[in-house]
Amino acid sequence: MVGMYEESIREEFTHQTETFARNPVATMTETLGALLELVPEDNDARWLEVACGPGSISRALAPRIASILGVDLTPTMIEKANKEAASAGITNAEFSVGDATALELADAGFDGAITRFSLHHIPAPWRVVEEMARVVAPGGWVVISDFIADPDRDTYAAVEEIERLRDPSHWSCLTAEQLRTIGDGAGLELEQEQLIHFNIDFEDWLHRGSGGGSAAELIDQLLKGLPDSDCFRVYGQDGGRRLALVNSLTRWRRA
């Protein structure tokens, strides 16, 4: 049975299916290229992408590995992923509806598991990391990419308020330290960590979320009192504003 919050994720990403697939953040070098470098090329490797969305990562990884399975809670995202893979002639990527917090997959069935921009949507994100660790064979890889929160509590609270107004499915970003703690708790060994600073078009970001348009005026008011932060900073003038964010890339080894 899908809970209330899971249903809100489905509703939001049904709304965002097309815009998320065209989102420039998904393909920019700072987020996609650096992430792919964390996945070893191996023609015999079987990988899993959890919360795969429209399958951008799976399609990019497909030439580097034997096969990849993508799972996502939102059926329209899976439909989009299958359509895009077929259009690109990719035959070693499959996609199906699935819950990242309770994967219906056997233990140790994959050589690696990867997720990007998903943990901040999920209550108790440690559930996702534990599931990723469970389905990866000993010695395999877990790769996680997500936005990082400012460790200052006041800044964190202000940013989360803005994020939830824009996107009702947003739950909470993790700090770098919190993510390390979750990985350790899942029995993973951190091998590599990168913090990548990048910026995107603010208006595009704002209006991709289902709440962005109606909450734009309130968000502007909240931005005026936002403490300085490298993790979430809006700069420039109206019509040309940019949003600066920090993307965490981590690669872990399954013990």
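Calculation criteria
- Residues numbered from 1 in each chain as written.
- Predicted model: local features only at pLDDT ≥ 70, side-chain atom pairs only at ≥ 80, totals over all residues.
- Heavy atoms only, no water.
- Helix = DSSP H or I, 4+ residues; strand = E, 2+ residues; numbered from the N terminus.
- Buried < 20%, exposed > 50% of the residue type's maximum accessible area, 1.4 Å probe, protein only.
- Contact = heavy atoms within 4.5 Å.
- Areas by Shrake-Rupley, 256 points an atom, 1.4 Å probe, with all protein chains shown as cover.
- Core = buried A, V, L, I, M, F, W, Y, C linked by side-chain atoms within 4.5 Å.
- Salt bridge = Lys/Arg side-chain N within 4 Å of Asp/Glu carboxyl O.
- 1 Å grid on protein atoms, 1.4 Å probe; cavity = no way out; pocket = protein on both sides within 12 Å on 5 of 7 lines; lining within 4 Å.
- Points joined across faces, edges and corners; volume = space filled by probe spheres on them.
- Nonpolar A, V, L, I, M, F, W, Y, C, P; charged D, E, K, R; others polar.
- Phe/Tyr/Trp six-rings, centres within 6.5 Å; stacked < 30°, edge-to-face > 60°.
- Lys NZ or Arg CZ within 6 Å of the ring centre and 35° of its normal.
- Polar contact = N/O pair within 3.5 Å; in protein donor to acceptor, adjacent residues only side chain to side chain.
- Pairing = 2+ DSSP bridges.
- Right-handed = clockwise from strand over helix to strand, strands pointing away.

### Remarks on the overall build of the protein chain
1) Next: The secondary structure content of the protein chain amounts to 10 helices and 8 strands.
2) Next: In the protein chain, buried positions account for 53% of the 255 residues.
3) Next: Considering only intrachain contacts with a sequence separation of at least 6, the fraction spanning at least 24 residues in the protein chain is 77%.
4) Next: Only carbon and sulfur atoms are counted for the fraction: they give 49% of the accessible area of the protein chain, which is about 11600 Å².

### Quick look at the nonpolar core
1) Next: In terms of nonpolar packing, the biggest core is built from 25 residues, with Trp47, Leu61, Ile65, Phe95 and Ile114 touching the most fellow members.
2) Next: Every element with two or more residues in this core is listed here: α3 (29-36), β1 (42-50), α4 (56-61), β2 (65-72), α5 (75-87), β3 (93-97) and β5 (136-147).
3) Next: Here this core takes 4 residues from α3, the largest share from any one element.
4) Next: What Ile65 contacts, discounting residues up to four positions off in sequence, is Val39, Pro40, Asp42, Asn43, Ala45, Trp47 and Asn92.
5) Next: Membership of the second largest hydrophobic core comes to 24 residues, among which are Leu69, Phe110, Leu119 and Met132.

### Side note on the pattern of salt bridges
1) Next: In this structure the tally under the stated criterion is 11 salt bridges.
2) Next: A salt bridge links Arg253 to Glu191; the nearest nitrogen and oxygen atoms lie 3.7 Å apart. In this pair, Arg253 sits in strand β8 (residues 242-254) while Glu191 sits in strand β6 (residues 188-201), placing the two residues 62 residues apart along the sequence.
3) Next: The exposure class of Glu191 is partly exposed, given its relative accessible area of 43%.
4) Next: Between Asp220 and Arg241 there is a salt bridge, with its nearest N and O atoms 2.9 Å apart. With Asp220 in helix α10 (residues 212-224) and Arg241 in the loop between β7 (232-235) and β8, this pair connects stretches of sequence that are 21 residues apart.
5) Next: Residue classification places Arg241 among the buried residues on the basis of a relative accessible area of 10%.
6) Next: Counted as one network, the salt bridges with shared partners bring together Asp107, Glu131 and Arg134.

### Considerations on the layout of surface pockets
1) Next: Looking at the largest pocket, its volume works out to about 230 Å³.
2) Next: In terms of lining residues, the largest pocket is bounded by 15 residues, among which Leu223, Lys224, Val234, Tyr235 and Arg241 are the most central.
3) Next: When residues of the lining of the largest pocket are traced back to their parent elements, those giving at least two are α10 and β7.
4) Next: For the lining of the largest pocket, the element with the highest residue contribution is β7, accounting for 4 residues.
5) Next: Across the lining of the largest pocket, the residue classes break down as 6 nonpolar, 3 polar and 6 charged.

### Concerning the packing of aromatic side chains
1) Next: Summed over all chains, the structure comprises 4 aromatic pairs.
2) Next: Ring geometry for Trp205 and Phe232: centres 5.7 Å apart, planes at 70°, overall edge-to-face. Residue Trp205 is located in helix α9 (residues 202-208), and its partner Phe232 is located in strand β7; the two are separated by 27 residues in the primary sequence. Each member of the pair, Trp205 as well as Phe232, carries the same accessibility label: buried.
3) Next: Aromatic ring contacts, followed pair by pair, group Phe117, Phe147 and Phe198 into a single cluster.
4) Next: The aromatic ring of Trp141 is capped on one face by Arg253, whose charged end is 3.9 Å from the ring centroid.

### Description of the environment of Asp204
1) Next: For Asp204, the position within the fold is in helix α9.
2) Next: Expressed as a C-alpha distance, the spacing of Asp204 and Arg241, which sit 37 residues apart in the sequence, is 9.8 Å.
3) Next: Separated by 2.5 Å, the side chains of Asp204 and Arg208 make a polar contact.

### Here we look at helix α6 (residues 126-135)
1) Next: What α6 keeps buried is the set Val128, Val129, Glu131, Met132, Ala133 and Val135.
2) Next: Residues of α6 that are buried sit in contact with β1, β4 (110-116), β5, α8 (176-185), β6 and β8.

### Some points on the pairing of β4
1) Next: Judged by how many residues are buried, β4 sits mostly within the fold: 6 of 7 residues are covered.
2) Next: As paired strands, β1 and β4 are joined by 3 bridges and run parallel to one another. The residue of β4 that forms the bridge with Trp47 is Gly112.
3) Next: As defined by bridge partners, β4 adjoins β5 across 6 bridges and the pair is classed as parallel. In the sheet register, Arg116 faces β5, and the bridge partner there is Ser145.
4) Next: Considered for its hand, the β-α-β crossover made up of β4, α6 and β5 is right-handed.

Nothing here speaks to function; it is all geometry.
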